[in-house]
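Fold and geometry: a report
Here's the letter readout for the chains.
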2 protein chains.
Amino acid sequence: MKNNNYCVIMAGGIGSRFWPFSRNSRPKQFLDFFGTGKSLLQMTVDRFRPLVPIEHILIVTNVIYKDLILEQIPDMNGSQVLCEPARRNTAPCIAYAIAHIKGLAYQEVYGRHLQEGEQVDWDDEKLNANIVVAPSDHLILQEDEFRRVIGEGLDFVSKNDTLLTLGMKPTRPETGYGYIQMMPGESSLRKVKTFTEKPNADLAKVFVESGEFLWNSGIFLWNLRTIRHEFLSNLPEIAQAFARGEWCMGTEKEEDFIQQMFPTCPNISIDYGVMEKAKSVHVMMADFGWSDLGTWGSLYDLSEKDAEQNVTLKCNAAYYDSKGNIVALPEGHLAVLRGMQDMIVAESDGVLLICPKSEEQQIRQFVSDAETNYGGKFN
Amino acid sequence: MKNNNYCVIMAGGIGSRFWPFSRNSRPKQFLDFFGTGKSLLQMTVDRFRPLVPIEHILIVTNVIYKDLILEQIPDMNGSQVLCEPARRNTAPCIAYAIAHIKGLAYQEVYGRHLQEGEQVDWDDEKLNANIVVAPSDHLILQEDEFRRVIGEGLDFVSKNDTLLTLGMKPTRPETGYGYIQMMPGESSLRKVKTFTEKPNADLAKVFVESGEFLWNSGIFLWNLRTIRHEFLSNLPEIAQAFARGEWCMGTEKEEDFIQQMFPTCPNISIDYGVMEKAKSVHVMMADFGWSDLGTWGSLYDLSEKDAEQNVTLKCNAAYYDSKGNIVALPEGHLAVLRGMQDMIVAESDGVLLICPKSEEQQIRQFVSDAETNYGGKFN
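Residues numbered from 1 in each chain as written. Chains lettered and ligands numbered in written order. Predicted model: local features only at pLDDT ≥ 70, side-chain atom pairs only at ≥ 80, totals over all residues. Heavy atoms only, no water.

1. So, the sheet that holds strand β12 (residues 311-313) of chain B
Here we have six strands laid out as an open sheet, ordered β13(A)-β15(A)-β17(B)-β16(B)-β14(B)-β12(B), and mixed in their pairing. Both edges of this open sheet fall to β13 (316-320) of chain A together with β12 of chain B, since each of them pairs with a single strand only. The average angle at which neighbouring strand axes cross in this sheet is 10 degrees, direction not considered. Of the strand pairs in this sheet, β12(B) and strand β14 (residues 326-328) of chain B are connected by three bridges, and their pairing is parallel. Bridging from a neighbouring strand, Thr312(B) pairs with Val327(B) of β14(B). (Pairing = 2+ DSSP bridges. Helix = DSSP H or I, 4+ residues; strand = E, 2+ residues; numbered from the N terminus. Axes fitted to C-alpha atoms, helices over the stretch in contact; angles between N-to-C directions.)

This is the structure:
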């Protein structure tokens, strides 16, 4: 039977929070944080391979990362990397991916591309597809459980005209994540009651203790017809702009169309533009050792620690009177720390950052100052 | 008139206190600490050029640094680098240099080398020479004043059979230096009363307040006949060992002789073995912005500071809520520090050290541990 599952991996982020490890030329998703020999992007792609044929995996990114992606995923071809000519947040990015998938599905089913100006019938059941959308730069520790959950989710959205999001069972009152409140019930798959912004510490505690709130993972599942419908209802401007170019998806005209149209899209997230407003949204509770690796602190929490609670990534380190640090130097280097507590020590490509873990939200400022003072040399 | 001034630069030190900046393969004297484009050794040689013809400047070092020296001082020839086959402290090193200078002087005056077994007449006035001995790894800020003092000192020892040492006018109660007590008087050149070891903080304060004590700079001046005489009186074992090979100095036999004999010398310093026991020792008070650069702390003290008392050597740096640090990264690199006070941050060739300035005496231990754990890879 034809596999009509598709996967969209979002890899356009800049990830300045991991500076100087992540750089404009090599953001977080392209880095091998744990020294496993695979970048976060490579791990993400590999995680989907058993569920989705490689030719159905698409990566949406900024054009400047296309070569890097094809280098890291050599069995992917250039047409699978959808290039955004401008940064417009996740809604336009996903609208582009669904238009492209529609074009691919049409070609697979009817053996030809659409003609210029030809309309596609979105209710044609043969053209439907199930799509999982996932960030490229998250960490997932239990890959088997991840695959089981995604498989179940794809099956659910193939049979139900609803949007589905994965909610992670919270393990601590994290203030760095958005939360999803479920409707009351017993099932691990329920309707969503509300999406919330990142809470303060007190509220996060209430959320976690209530048992009704899950972390918003940014992993979405839906079928093509349903997401298309929700775009038309909630972001009609974006939906109609892409509708005008549907016919050229998968053809040599696609790039020109995107170059012209994409920058005219409003800058809006899929959460705010679609998920929070959609008619029917479900959430599936999941627990597979997930982290968005959004901060050095979360990387620290996830990493193996020595007896003094120090984390050493990739390099060698000697700690004297030093506790609770995270140290990441280039492979093969040696760090010697004396009298350092709860610090980030990270060096990459000519930049050394030393900063308390508790102050890491300032890293964006450091990056911005470095840009101002050194004209992008260290960004 | 023939210039019979000679200069002996001692460049055999390992300088592990500046690890990881200094390494076994490139100790402190070979480093350009201040980013001036010249190593401490190059600055030392240049400082003597106006006083001593380049062919009268000798460098005594370990054989493993010979190539590096000839690379750094390209107008010096290989015979001017005297190689110690083993580390035996400063007395044997200086005994070797004076024997070698005697050979050079003989050849200049009589146009030939000595024959095997031939005795040299040390009282032959034509063969006398004035010698200044100096470490290769000190910093001197006021070079004009330095030259004036050395010129005066060479003149003094050419006319007086006494050993002369330079005593630096102390500017603070430093506990990292030895002190020299002068005999009472008004002159800036007086007889030495005593040499002292490094004092504790209380004693250092008394020394400095008394006005009678000077820092022992390790810069010595004397004439050849006088130092030879003092070696015979105070370290006869070493003096006689070199006397047996005097005839071969400056010939192709010199290296074999030194290979055989040098390692049999006792390990003893010129201060302890000769200066403290010599019949007549004078000290000349000097003040030319001197530091032995023995520690990161002394380097910090001497370096230009920003408004927050941070010192940045060679690299770029951005300081946030950080005061009193000394940061030395490879040229062109950027350091970003947040919440760091009075720390050493030094990186070189794959090793990053972060240590409070107040704990820098532990660096030797770090180096030793790195040797044990990584088999010399980082030493």
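Picking up after the structure, the text goes on.
2. As for the relation of the copies chain A and chain B
With an axial shift of 0.0 Å and an RMSD of 0.1 Å, the rotation relating chain A to chain B amounts to 179 degrees. Here the two chains are linked by the operation of a two-fold rotation axis. The fraction of interface residues of chain A whose copies in chain B are also interface residues reaches 100%, indicating that both copies meet through the same surface. (Least-squares fit on C-alpha atoms with pLDDT ≥ 70 in both. Contact = heavy atoms within 4.5 Å.)

3. With respect to unusual backbone geometry
Following Trp19(A), the chain continues to Pro20(A) via a peptide bond in cis, the omega torsion being 5 degrees. By the element assignment, Pro20(A) lies in the loop between β1 (5-10) and α1 (40-48). At Asp321(A), a position not held by glycine, the phi torsion is positive, near 50 degrees. Considering the arrangement of structural elements, one finds Asp321(A) in the loop between β13 and β14 (326-328). Its relative accessible area of 53% is what places Asp321(A) among the exposed residues. You will see that Lys314(B), though not glycine, has its phi angle at about 75 degrees, which is positive. (Buried < 20%, exposed > 50% of the residue type's maximum accessible area, 1.4 Å probe, protein only.)

4. Description of the pairing of strand β4 (residues 130-135) of chain B
Residue and element names in this part refer to chain B. Buried residues dominate β4, accounting for six of its six residues. Side chains Asn130, Val132 and Ala134 of β4 all project onto a buried face; the interleaved residues Ile131, Val133 and Pro135 project onto the opposite face, where all are buried too. In the sheet, strand β1 (residues 5-10) pairs with β4 via six bridges, with the strands oriented parallel. Residue pairing across strands places Asn5 opposite Asn130, the latter belonging to β4. Of the strand pairs in this sheet, β4 and strand β9 (residues 213-223) are connected by four bridges, and their pairing is antiparallel. Note on β9: the bridge partner recorded for Ile131 is Trp222.

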